[in-house]
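This is what each chain is made of:
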Amino acid sequence: MNVSTRITPALLALSVLALTACINNPAQESTAVSDQTTEPVFEVKYEKFVLDNGLEVVFHQDDSDPVTAVALTFHVGSARELEGRTGFAHLFEHLLFLESENLGKGGLDKMSSRIGGSGANGSTSRDRTNYFQTVPNDALEKMIWAEADKLGFFINTVTEDVLAKEKQVVKNEKRQGTDNRPYGHANYVVGKNLYPTDHPYNWQVIGSLEDLQNATLQDVKDFYNKWYVPNNATLVIAGDFDPKQAKAWVHKYFDEIPRGEDITPLADRPATLNKTVKRYYEDNFAQLPELRLVWPGVDLYHPDAYALDILMTLLSEGKSAPLNKVIVEDKQLASGVSMYNRNSELAGEIMLITRAYPGTDLNKVYNGVQEAMAQFEATGVKDDDLKRIKAGIETEYYANLSSVLGKAFQLAQYNIFADDPGYINKELAHYLSVSESDIRRVYNQYIKDKAFIATSFVPKGQANLMLAGSSPAEVEEEKIVAEGRGESFELAESAGYTKTPTRFDRSVEPPYGELPVPAVPNVWQSELENGLDIYSIESRELPLVDFELTLEGGLLLEDRNKVGVSGLLATLLQKGTATKTPEELEKAIELLGAEISVSSSRQSLTFSGTTLAKHYEETIALLKEMLLTPRWDEKEFQLAKQDALSTIAQQSANPNSIADNAYFTLLYGDEHILSQNPIGSEASVSAITLDDVKQYYTQYVSPSVANFLVVGAVDSNTVKASLTSLNQAWPAKAVNIPTFNTPDRPAAAKVYFYDVPGAKQSELRFGYIALAETDDDFYPATLMNYKLGGGGFASRLMQTLREGKGYTYGVRSAFYGSDIPGPFTISSGVRTNVTYESAALVKQIMADYAQTFSEQDLDNTKSYFMKSAARQFETAGAKLSMLDKISSYGWQPDYAKQRQHDVQTITKADIVKLAKQYADPNRMIWLVVGDAETQMPRLAELGFGEPVLLNPKS
């Protein structure tokens, strides 16, 4: 589910919503606008036409890869619901995937698998619901046929049983995303207090579970028939296709779908507050006290939205931001502060969120906010700060143009809410024209001395930390009935509905088009004299360069008693150089519109970055400075430790994090370094000194264990020239990456339980240490797993636990290897009262898999992997992943072709053998994290012995 957020160039890095241009339409071309301080942005071209029934259609051509994205977006979200009848729009996001008259039950998911699609998916916001998928371009007619069936031939398939089942799936989504996670109810509390009860933003997108449970079949059908009509929808097709042919298909499949009743647009309805309201809530899953301050803001595309976006960045992001200076650095109350300008169609909110260190009084945090705001009022906006933010907006604008699906999303967004797909040509200019006086004005108009909503979410039993004057927040907590009583249902194989008359036989699936030829990028390889390996792919589609400098090591090279050293090093490498303070380094990077980050993982330390091609060499010069001359700032080190300890505290009460940590301990055993969470423990991080971090850097940061990967608008000569100075400046040293014995696979299955009292869901982690990705069996085993749990809605686990039983929002299985063996894991979050039933179903599905795998399953698997190859290297991220495998594993650049051969030659007998060897439920670890009092005893019925409680009460 996607909560509605205004999509702007400044926020595009947080989403996949983006746009570019390739289709000529002289009648509707727009001219890009720019201010005097920037180069003109390229023009976005598109074609838009409207069918007689009101369906608006937008085409966008991009022939970079043989793929096409199709997105059908309805101008309906939770804001079109009524009080007491909430959650319908989100419910239909689910229902529309289940069945339609001509595709049949599960037909869309089955087709998506056959055609090699990315997987049919959807999202719901306050104001729109969308359905989308990327497919090889030979399947475009199939997708247009399927989307038309969704729009015009769906509602008759919804029965009482179908509705009952999907209500359970929605409940599971709410448990997973809201009830069973820290701070999950915060947005609910804000909405209830910021908006009056009859305002459509008073309730959350997912709605009230009571409303949903009480909804009748007729209620649901009436809602669909009003809103899910051609004259309230936009169809976008983006990618490599023939527009003339596509237009003919659109007319063929959509023309006869009747227009709905005229829809009256909703008027803007901004929030108003006469006084500040303060609420608190004791959160069962929170370990850190959280403060939120929310002011009424502006609606989508309001003229003030652009200055407010930049204001949020100025106040909260970066070393020079006043909120960072006061709360993070001076007072050291929290590891960070965020501000957001959330704009929806009817209203908006300005939101500040910070999670303080454990035990911190939120009154101190609030006073820090006031002090930071006073600093901003006194110092104003510096010209360099405004320039760096605008430079970042330009880079992010380009950085999100590599996905055809992102382009389709944003075309629909602008068409629906701005009534102009070409608004992309105008919106960037709004950001670039924001002035210092604009920023001051919106600060005074919307924040200074204005009433707000304040929420204090504090750990259970720590109400003393709340903001003074707060009263209890009212939160809806779902009551879980034992063993799912009253929540069961049976789905008939055939619903027995009357089909809608049509002009032609729609039950015949359209044929494939011309088979696309997957494009395998050309890879350039080189090596510096110091041993640094270089791999690059030149791609001129966008004026951007993405790069990674990866060093082997990470957790593997750490002392078990001081786990977290490489993570702290990663943080410090971003905090200044010998000649630049942390603030000066940050500004130097951002003035280029670039980003450079450093992260650590179980096996590596990685510098990652994106920059405009015209600033590539300057950006790499800063990367080298960060690599070679760290600042080793003691204050920054202490702040990094506090941040790590804060994250560890948050994870300690999050059931999902608890499950992951406990699972790795069970997989590897207490003494193995890979059993540890890479961020460390409270004890290990507390023990680390700055000298420990320096020692790791001195011993292990060497070109002898490093690879430099680059993708984008830069040639190989420029890449190598930018790195040549490292031959002398970064001499190689010997680094020995330790080897470890792979833990033995369990001889027999055993059940383990970690108790989280009151958990609304149980987290499941079932598996064992299996294969390295470099193992000959790894890719064949991945093929074997596709129909088991790796194929999303095409898999047996998902079809049974979610679609058949409604036990979970999602379940999957996968092999996670690298150049060392990794786990085969089945993971899910299931509703608490069906914990045993879910585990028993997983056991049964695995036990039956080998003997029930059919030739049809094999054909489906082969079809998916052969056809999905067309989209495997579409984005810059996918190309970097390709280079990573080549550099880390010593694979040849054409390894993808070898995989295609593996797909073509694998047999049913091969799959059966692999399933028996690698998917045996009787030789796995079975971990459940949930409420032990109610769920643990029944797990003995799995037949794996009495469950072992991992955290008994002392």
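Quick caveat: nothing in here was measured; it's all calculated off a predicted structure.

Quick look at helix H12 (residues 383-399)
Helix length check: H12 (17 residues) gives 24 Å between terminal C-alpha atoms against 24 Å at 1.5 Å per residue, within 8%. For H12, the buried fraction is high: 13 of the 17 residues fall into the buried class.

Notes on the nonpolar core
One finds Leu311, Met339 and Ile447 to be the most contacted residues of the largest nonpolar core, which totals 61 residues. Per-element accounting of this core gives the leading share, nine residues, to helix H9 (residues 305-316). Not counting chain neighbours up to four residues away, the residues in contact with Met339 comprise Trp295, Met312, Leu315, Ser316, Leu323, Ile350, Met351, Leu352, Met373 and Ile447. Within the second largest apolar cluster, 58 residues are counted, among which are Leu51, Phe92, Leu95 and Met143.

Let's talk about the pairing of strand E16 (residues 533-538)
Pairing of strand E15 (residues 524-527) with E16, which is carried by four bridges, proceeds in the antiparallel orientation. What sits directly across from Gln525, in E16, is Tyr535. Here E15 folds back onto E16 in antiparallel fashion, the turn holding five residues, of which Gly531 has a positive phi close to 100°. Bridge analysis of E16 against strand E20 (residues 706-712) gives six bridges, and the strand direction is parallel. Following the sheet pairing, Ile537 is matched in E20 by Val711.

Quick word on the confidence of the model for the protein chain
Any segment with low pLDDT has predicted coordinates that should not be analysed in fine detail. A residue-level look at the protein chain finds 93% of positions with pLDDT of 70 or above and a mean pLDDT of 91. Throughout residues 1-40 the model reports pLDDT below 50, and contacts reaching past four residues in sequence, or to other chains, amount to 134 contacts.

Overview of the sheet that holds strand E17 (residues 544-552)
A sheet is described by the order of its strands in space; here six strands give the open sequence E15-E16-E20-E17-E19-E18, paired in mixed fashion. Sheet topology places E15 and strand E18 (595-600) at the edges, where each strand pairs with a single neighbour. Put simply, the sheet's adjacent strands are angled 15° from each other on average, direction ignored.

Let's talk about the sheet that holds strand E6 (residues 121-124)
The six strands are arranged E1-E2-E8-E3-E7-E6 in an open sheet whose pairing can be described as mixed. Here the strands that pair on one side only, and so sit at the sheet edges, are strand E1 (47-50) and E6. The sheet shows a mean angle of 15° between the axes of neighbouring strands, taken without regard to direction. In the sheet, strand E3 (residues 67-74) pairs with strand E8 (residues 233-239) via seven bridges, with the strands oriented antiparallel. Of the residues in E8, the one forming a bridge with Ala71 is Val236. Packed on one face of the sheet, helix H8 (residues 243-254) meets E1, strand E2 (56-61) and E8 and runs near 155° to E2. Across the face of the sheet, helix H13 (residues 404-417) comes into contact with E1, E2, E3, strand E7 (129-136) and E8 while running at roughly 150° to E8.

Digging into unusual backbone geometry
You will see that Tyr183, though not glycine, has its phi angle at about 65°, which is positive. Looking at the element boundaries, Tyr183 is found in the loop between helix H4 (160-179) and helix H5 (186-194). A relative accessible area of 5% places Tyr183 in the buried class. Positive phi, normally seen in glycine, also occurs at Gln332, with a value near 50°. Take Gln332: it is sitting in the loop between helix H10 (322-330) and strand E11 (338-343).

Some points on the pairing of strand E25 (residues 925-930)
Of all six residues in E25, six are buried; the element is thus mostly enclosed. Pairing between strand E21 (residues 750-755) and E25: six bridges, direction parallel. Directly across from Tyr754, in E25, lies its bridge partner Val929. Here strand E22 (residues 761-769) runs beside E25; their pairing, made up of five bridges, is antiparallel. Among the inter-strand pairings, Leu764 is bridged to a residue of E25, identified as Val928.

Re the packing of aromatic side chains
Where two aromatic rings form a pair, the distance of their centres and the angle of their planes describe that pair. Applying the stated criterion to the full structure yields 42 aromatic pairs. Judged by centre distance (5.9 Å) and plane angle (65°), the rings of Tyr253 and Phe504 are edge-to-face. Here Tyr253, found in helix H8, pairs with Phe504, found in the loop between strand E14 (471-472) and E15; they are 251 residues apart in sequence, far enough to count as distant. A residue is classified by how much of its surface remains accessible, and Tyr253, at 3% relative accessible area, is buried.

Here's the deal with the environment of Thr550
Among the secondary structure elements, Thr550 is positioned in strand E17. According to the relative accessible area criterion, Thr550 is buried, its value standing at 14%. Through-space distance from the C-alpha of Thr550 to that of Ser887 is 9.8 Å; in sequence the pair is 337 residues apart. If near-sequence neighbours (up to four positions away) are discounted, Thr550 is found in contact with Ser604, Leu605, Thr606, Val705, Ala706 and Asn707.

As for the side chain of Glu636
Position of Glu636 relative to the elements: it lies in helix H19 (residues 634-651). With sequence-adjacent residues up to four places away left out, Glu636 is seen in contact with Lys319, Glu329, Leu572, Lys575 and Pro582.

Comments concerning the pattern of salt bridges
In this structure the tally under the stated criterion is 47 salt bridges. A salt bridge links Asp62 to Lys407; its shortest N-O distance comes to 1.9 Å. Residue Asp62 is located in the loop between E2 and E3, and its partner Lys407 is located in helix H13; the two are separated by 345 residues in the primary sequence. Relative accessible area serves as the criterion here: at 3%, Asp62 is assigned to the buried category. The buried category is assigned to Lys407, whose relative accessible area is 0%.

About the cut-offs
Residues numbered from 1 in each chain as written. Predicted model: local features only at pLDDT ≥ 70, side-chain atom pairs only at ≥ 80, totals over all residues. Heavy atoms only, no water. Helix = DSSP H or I, 4+ residues; strand = E, 2+ residues; numbered from the N terminus. Expected span 1.5 Å × (residues − 1). Buried < 20%, exposed > 50% of the residue type's maximum accessible area, 1.4 Å probe, protein only. Core = buried A, V, L, I, M, F, W, Y, C linked by side-chain atoms within 4.5 Å. Contact = heavy atoms within 4.5 Å. Pairing = 2+ DSSP bridges. pLDDT = per-residue confidence, 0-100. Axes fitted to C-alpha atoms, helices over the stretch in contact; angles between N-to-C directions. Phe/Tyr/Trp six-rings, centres within 6.5 Å; stacked < 30°, edge-to-face > 60°. Salt bridge = Lys/Arg side-chain N within 4 Å of Asp/Glu carboxyl O.

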